[in-house]
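Okay, here's what each chain looks like letter by letter:
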Amino acid sequence: MEMDDTLAKKHIDRWTKAWNDHNIKEVISLYSENISFSSPKIKLLYPNRTSATITNKRDLEEYFCAGLKKFPMLRFMPIEYFFKNQKVIFEYSATPDNKIKWSVIEKFEFNNDELIEKSTVYYGKEDLTT
């Protein structure tokens, strides 16, 4: 698979819509069975974990469901993306409730089946919305 702007945009739109619809089955369908998902929020949600990386879809789905349970109003707003080779860098804001806004950069790496096989999430500034 060769990543191009059409595929990158399609992925971003589908990923964002699935998350904003809180459709975890659709979100998880975008990921490879051999996923490597890293986020500092993993250790916040699961403080007893020794790693901030999830390496299978079952645990990833559990993590996403736990996140939505904790933040039932979670919404993502795309800002910008760019692609190179099999990678998409996606900047978006996340509003977990009506008081907080997170600045997020996520790097997706795709396999030949157009599924995410590696995702790394970086959080920037947290703003309070008023």
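About the cut-offs
Residues numbered from 1 in each chain as written. Predicted model: local features only at pLDDT ≥ 70, side-chain atom pairs only at ≥ 80, totals over all residues. Heavy atoms only, no water. Pairing = 2+ DSSP bridges. Helix = DSSP H or I, 4+ residues; strand = E, 2+ residues; numbered from the N terminus. Contact = heavy atoms within 4.5 Å. Axes fitted to C-alpha atoms, helices over the stretch in contact; angles between N-to-C directions.

Further remarks concern the pairing of strand β4 (residues 87-95). In terms of strand pairing, strand β3 (residues 75-84) meets β4 through nine bridges, oriented antiparallel. Paired with R75 across the strands is T95, a residue of β4. Sheet topology places β4 next to strand β5 (residues 100-110); eight bridges connect them, and they run antiparallel. Paired with I89 across the strands is K107, a residue of β5.

Moving on to the sheet that holds β3. Strand pairing in a sheet relies on backbone hydrogen bonds. The paired strands run either parallel or antiparallel. In space, the six strands of this open sheet follow the order β2-β1-β6-β5-β4-β3, with mixed pairing throughout. Every interior strand has two partners, whereas the edge strands, β2 (53-54) and β3, have only one. Bridging between strand β1 (residues 31-38) and β2 involves two bridges; their strand directions are antiparallel. What sits directly across from F37, in β2, is I54. Helix α1 (residues 5-20) contacts β1, β3, β4, β5 and β6 (116-128) of the sheet and is inclined by roughly 160° relative to β3. Across the sheet, helix α4 (residues 57-70) lies against β1 and β2, angled at about 55° from β1, the strand it touches most.

Relative to the helices and strands, L45 is located in helix α3 (residues 40-45). Taking C-alpha positions, L45 is 7.6 Å from G67, a pair spaced 22 residues apart along the chain. Apart from residues lying up to four places away in sequence, L45 is in contact with Y63, A66, G67 and K70.

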